[in-house]
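Tertiary structure, described
The chain contents come next:
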Number of protein chains: 2
Amino acid sequence: MVLRKVGKKLANIQEVAKQARVSVATVSRVLNGQNTVSEKTRKKVEEAIKKLNYEPSMLGRNLRNSESRLFLILIPSISNPFYLEIIKGIEAVAISQNYNILLCETDSNPEKENIFFDLVRKKMADGLISMDPTVNIETLKNLSEKHAIIQCSEYEEGSGIPYVTIDNEEASYRAVKHLIQIGHKKIALINSDEKYLYARQRKMGYLRALEEYGITLNSQYIILTQHLDFENGQHAMRKILNLHDRPTAVFSVSDLLAIGALKEINTFGLQVPSDIAVVGFDKIDFSNMTNPTLTTIAQPMHKMGTVAAKMLIDKMNGKEVESIILDHELVVRESTSGQSI
Amino acid sequence: MVLRKVGKKLANIQEVAKQARVSVATVSRVLNGQNTVSEKTRKKVEEAIKKLNYEPSMLGRNLRNSESRLFLILIPSISNPFYLEIIKGIEAVAISQNYNILLCETDSNPEKENIFFDLVRKKMADGLISMDPTVNIETLKNLSEKHAIIQCSEYEEGSGIPYVTIDNEEASYRAVKHLIQIGHKKIALINSDEKYLYARQRKMGYLRALEEYGITLNSQYIILTQHLDFENGQHAMRKILNLHDRPTAVFSVSDLLAIGALKEINTFGLQVPSDIAVVGFDKIDFSNMTNPTLTTIAQPMHKMGTVAAKMLIDKMNGKEVESIILDHELVVRESTSGQSI
DNA sequence: TTGAAAAATGTAATCGATTTCATTTAGGCG
DNA sequence: CGCCTAAATGAAATCGATTACATTTTTCAA
């Protein structure tokens, strides 16, 4: 604010009005396409706009309308492709409704999270879609009293905050059932910290499948990881490979973990799926690029995004919003089907 | 705007002033931490703020200050992880300077691009960092007359728009030289459309390396792709594999392409690197997750982001800004080193 | 031609902050 | 105690739009 800013002064609505010899009200009406302006004056105004190279400032408009036309999206990390597809879905709806997106990565850091919450508090964003499992749910609840908030993928039951998600328990159940049905009995689970709801739900599905087929749980087969990334997948798999009674299959709650596991199994000199079968979760793009390709649970990520965005818009408009559970799907590929090399 | 909005009315600075029995000017001074307020009134004001749960609106502040405190980042697609790391760099600087990021994906679609340009024109963003090779450079040049703009990675020489990038020609040269030095003579190039500067530059480097070692160019060895993604890499590799005089090495100008090539080679029943060696470009995270891991050119992506952001801030403040060429590095991994399985 | 209704346009308040300039209060010193 | 200066505070303009309401102009039927 001290130094000279780039660019010359831009014309404002006043100058356009003066140039066209009309009032600012009339200019505004032309800008907003209202039909109460005569063709003649409309022409005059449009010429003035062109002549002055005028562009209406959204700062003025936004203040007047008390809106920012911005959504804030909260994600833990931009590095997990799972979120990207959801974001695309959100964006599609946002753009079509003249909104734009403020993408905010918390890195699971409460301080950063708070910076982003502040953007909502300070009306820099009209609404918030949280996909961050590490979000401070109390703060979120508080915020939701005065602001439009939707949770996507991860959620908190009974929080009063509407959410879109899938049936994690069922999805996990099906993944494990698939492994059992192709003959596996010793199935490991790479899960993330059970402080997350989805982790607890997916564990439940795992347990239910085992139980249904009368397989007793080997607690050594459950490995928890800190983050859902490649390295954590490698580390988890290393632990599993070193077990005395080594499992023949692994279900991991994230594709990134599964890809790490795949790599580790290979490094160890074993083959997927002949020695160890692997199932992931999410169906990120990369799950199809690995060798072998990864069997995984497909989440309808794009749909989740569009649904979340629509819910948010409804919420902002004061409508009642119901939470939604979307369908998932088991995608069987090489890492469990023996069609690998 | 028709329906009732979510949440109750939020307090504004007027009400705080009234509650504290001071003027709005004083409240503003407290908000901005000015030292011309007595301890006693500061207390009063702070109590009023707390009592009313007041949060200053950025809409008002932004209008008054004629700034949005938003950067706009233009990328062709969020799916290429190459951009993600750069974005993280930009974000780090942005946050530290109290800016936030509007992430805009053009999908190489001029219409979408225009929506985003409008955000700058209409002052919804204070500055723009373009990483989109498909950007309409004429429009960008026009925009840069009145607005702060930086190009990152891809750029246009002589456009007057400052840029950060690497020496693409040299990087490409080194990649190919590496292949030659480990014994390859028949080296294919998977490049993208030569309408992009980086594609032309990387081709130049490829040619220079061949020439330096007296290898004559086989024009069949150069395959151009539409996009820098996995599928295009597969297709390109398929063409190469079907060549009569099959090359023994492939240099591809993007890791995603290279990963597609890797996959295709495997599917074809050949081994990397023993049958065909592969080199990528960018060093995205996934380049280390493949089997074999990918030899690649490391771009200092995070650095590029921070540098671009700093340049943009300088530019916004009216400083002179010089373009910058950052260092790159060849990272030799399994796909060229024979340490694979 | 006139007058009422409809259409077009203008005036001024408003959104919520910041900041300049004027004014009041406090403080220090003789 | 009074005066001068410095500190604290307030009044009002300002940023750039939108819009309720007031006013002017046009239209058209009687």
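Fair warning: this is a prediction, and the values are worked out from it, not measured in the lab.

**What to know about the side chain of Arg333(B)**
Residue and element names in this part refer to chain B.
- Its location among the elements puts Arg333 in the loop between β12 (329–331) and α13 (334–337).
- Of the side chains with opposite charge, Asp255 comes closest to the buried, unpaired Arg333, at an N-O distance of 5.7 Å.
- Only 2.5 Å separates the side chain of Arg333 from the side chain of Ser287, close enough to count as a polar contact.
- Beyond its immediate sequence surroundings of up to four residues, Arg333 is in contact with Lys283, Ser287, Asn288, Thr293, Leu294, Thr295 and Thr296.

**Some words on the pairing of strand β6 (residues 187–192) of chain A**
Residue and element names in this part refer to chain A.
- Judged by how many residues are buried, β6 sits mostly within the fold: 6 of 6 residues are covered.
- Of the two faces of β6, the one holding Ile187, Leu189 and Asn191 and the one holding Ala188, Ile190 and Ser192 are both buried throughout.
- Examined bridge by bridge, β6 and strand β7 (residues 222–225) share 4 bridges and lie parallel to one another. Bridge pairing in β7 places Leu189 opposite Ile222.

**Some words on helix α12 (residues 301–316) of chain B**
Residues and elements named next belong to chain B.
- Over its 16 residues, α12 runs 22 Å from end to end, which matches the ideal 22 Å to within 8%, given 1.5 Å per residue.
- The buried count for α12 comes to 12 of 16 residues, which makes it a mostly enclosed element.
- Burial in α12 covers these residues: Met301, Met304, Gly305, Thr306, Val307, Ala308, Ala309, Met311, Leu312, Ile313, Lys315 and Met316.
- Immediately beyond the C-terminal end of α12, within one or two residues, lies Gly318, with a positive phi of roughly 80 degrees.

**Section: the pairing of strand β8 (residues 249–252) of chain A**
Residues and elements named next belong to chain A.
- Of the two faces of β8, the one carrying Ala249 and Phe251 and the one carrying Val250 and Ser252 are both buried.
- Sheet topology note: the β6/β8 ladder contains 4 bridges and is parallel. Following the sheet pairing, Ile190 is matched in β8 by Ser252.
- With 3 bridges joining them, β8 and strand β9 (residues 277–282) adopt parallel strand pairing. Counterpart to Phe251 in the pairing with β9 is Val279.
- Following the chain from β8 across helix α11 (residues 255–267) to the adjacent parallel β9, one finds a crossover that is right-handed.

**Brief notes about the interface of chain A and chain B**
- In this assembly, 70 residues from chain A lie in contact with 70 residues from chain B.
- Buried area between chain A and chain B, summed over both chains or domains, comes out near 6,200 Å², and the portion from carbon and sulfur atoms is 64%.
- Here chain A and chain B share 6 salt bridges between them.
- Lys263(A) is the partner of Glu334(B) in a salt bridge, and the nearest nitrogen-oxygen pair spans 3.9 Å.
- Secondary structure elements with two or more residues in the side of chain A that touches chain B: α4 (58–65), α5 (81–96), β2 (100–105), α6 (110–121), α7 (137–146), α11 and α12 (301–316) of chain A.
- Looking at the side of chain A that touches chain B residue by residue, the class counts come to 32 nonpolar, 18 polar and 20 charged.

**Quick word on the domain arrangement of chain A**
Residues and elements named next belong to chain A.
- According to the domain assignment, chain A contains domain 1 (13–56), domain 2 (68–166 + 301–327) and domain 3 (168–299 + 330–337).
- The C-alpha centroid of domain 3 is placed 29 Å from the C-alpha centroid of domain 2.
- Buried surface at the junction of domain 2 and domain 3, summed over both partners, amounts to about 1,200 Å²; 57% is from carbon and sulfur atoms.
- Interface area lost by domain 2 to domain 3 is led by Glu154, Ile166 and Met301, which between them contribute 40%.
- Joining domain 2 to domain 3, the criterion identifies 0 salt bridges.
- Between domain 2 and domain 3 we count 5 residue pairs in polar contact (both at pLDDT 80 or more) in total.
- Looking at the side of domain 2 that touches domain 3, the elements with two or more residues in it are α5, β5 (163–166) and α12.
- Grouping the constituent residues of the side of domain 2 that touches domain 3 by class yields 7 nonpolar, 4 polar and 1 charged.

**What to know about the protein's contact with DNA strand D**
- By nearness alone, 29 residues border DNA strand D, and Ile13(A), Ser28(A), Ser57(A), Arg64(A) and Thr41(B) come closest of all.
- Contact distances for DNA strand D include 2.5 Å between a phosphate oxygen and a side-chain N or O atom of Ser28(A).
- Ser38(B) places a polar main-chain atom, nitrogen or oxygen, 2.9 Å from a phosphate oxygen of DNA strand D.
- Breaking the surface near DNA strand D down by element, the ones donating at least two residues are α2 (24–31) and α4 of chain A together with α2 (24–31) and α4 (58–65) of chain B.
- With 5 residues, the single largest contributor to the surface near DNA strand D is α4(A).
- Within the surface near DNA strand D, the residues separate by chemical class into 10 nonpolar, 13 polar and 6 charged.

**A few points about the environment of Ile190(B)**
Residue and element names in this part refer to chain B.
- Within the secondary structure, Ile190 is located in strand β6 (residues 187–192).
- In the structure, Ile190 is positioned 23 residues away from Asp167 in sequence and 18 Å away in space, judged by C-alpha atoms.
- Residues within four places of Ile190 in sequence aside, it is in contact with Ile223, Thr225, Ala236, Met237, Ile240, Val250, Phe251, Ser252, Val253, Leu257 and Ala261.

**Some details on the protein's contact with DNA strand C**
- Taken together, the neighbourhood of DNA strand C is formed by 29 residues, with Thr41(A), Ile13(B), Ser28(B), Ser57(B) and Arg64(B) sitting nearest.
- Restricting the count to atoms of DNA strand C within 4 Å of the protein gives a sugar and phosphate share of 58%.
- Residue Arg64(B) places a side-chain N or O atom 2.4 Å away from a base oxygen belonging to DNA strand C.
- Considering only residue class, the surface near DNA strand C consists of 10 nonpolar, 13 polar and 6 charged.

**Things to note about the packing of aromatic side chains**
- For the structure shown, the criterion picks out 11 aromatic pairs over all chains.
- For the pair Phe71(A) and Tyr99(A), a centre-to-centre distance of 4.7 Å together with 15 degrees between the ring planes defines the contact as stacked. A residue pair is termed long-range when its members are at least 10 positions apart, and Phe71(A) in strand β1 (residues 70–75) and Tyr99(A) in the loop between α5 and β2 qualify at 28 residues.
- A centroid spacing of 6.3 Å and a plane angle of 40 degrees characterise the contact between Phe251(B) and Phe281(B), whose relative ring orientation is tilted. Within this pair, whereas Phe251(B) is found in strand β8 (residues 249–252), its partner Phe281(B) is found in strand β9 (residues 277–282), the two being separated by 30 residues in sequence. Pair check on accessibility: Phe251(B) and Phe281(B) agree, each one buried.
- The ring of Phe281(A) is capped by Arg202(A), whose NZ or CZ atom sits 3.6 Å from the centre of that ring.
- Over the face of the ring belonging to Tyr173(A) we find Arg208(A), whose NZ or CZ atom lies 3.8 Å from the ring centre.

Rules and cut-offs
- Residues numbered from 1 in each chain as written.
- Chains lettered and ligands numbered in written order.
- Predicted model: local features only at pLDDT ≥ 70, side-chain atom pairs only at ≥ 80, totals over all residues.
- Heavy atoms only, no water.
- Helix = DSSP H or I, 4+ residues; strand = E, 2+ residues; numbered from the N terminus.
- Buried < 20%, exposed > 50% of the residue type's maximum accessible area, 1.4 Å probe, protein only.
- Lys, Arg positive; Asp, Glu negative; His and termini not counted.
- Salt bridge = Lys/Arg side-chain N within 4 Å of Asp/Glu carboxyl O.
- Polar contact = N/O pair within 3.5 Å; in protein donor to acceptor, adjacent residues only side chain to side chain.
- Contact = heavy atoms within 4.5 Å.
- Pairing = 2+ DSSP bridges.
- Expected span 1.5 Å × (residues − 1).
- Right-handed = clockwise from strand over helix to strand, strands pointing away.
- Buried area = accessible area lost by both parts, 1.4 Å probe.
- Nonpolar A, V, L, I, M, F, W, Y, C, P; charged D, E, K, R; others polar.
- Domains from an automatic or database assignment.
- Near = heavy atom within 4 Å.
- Phe/Tyr/Trp six-rings, centres within 6.5 Å; stacked < 30°, edge-to-face > 60°.
- Lys NZ or Arg CZ within 6 Å of the ring centre and 35° of its normal.

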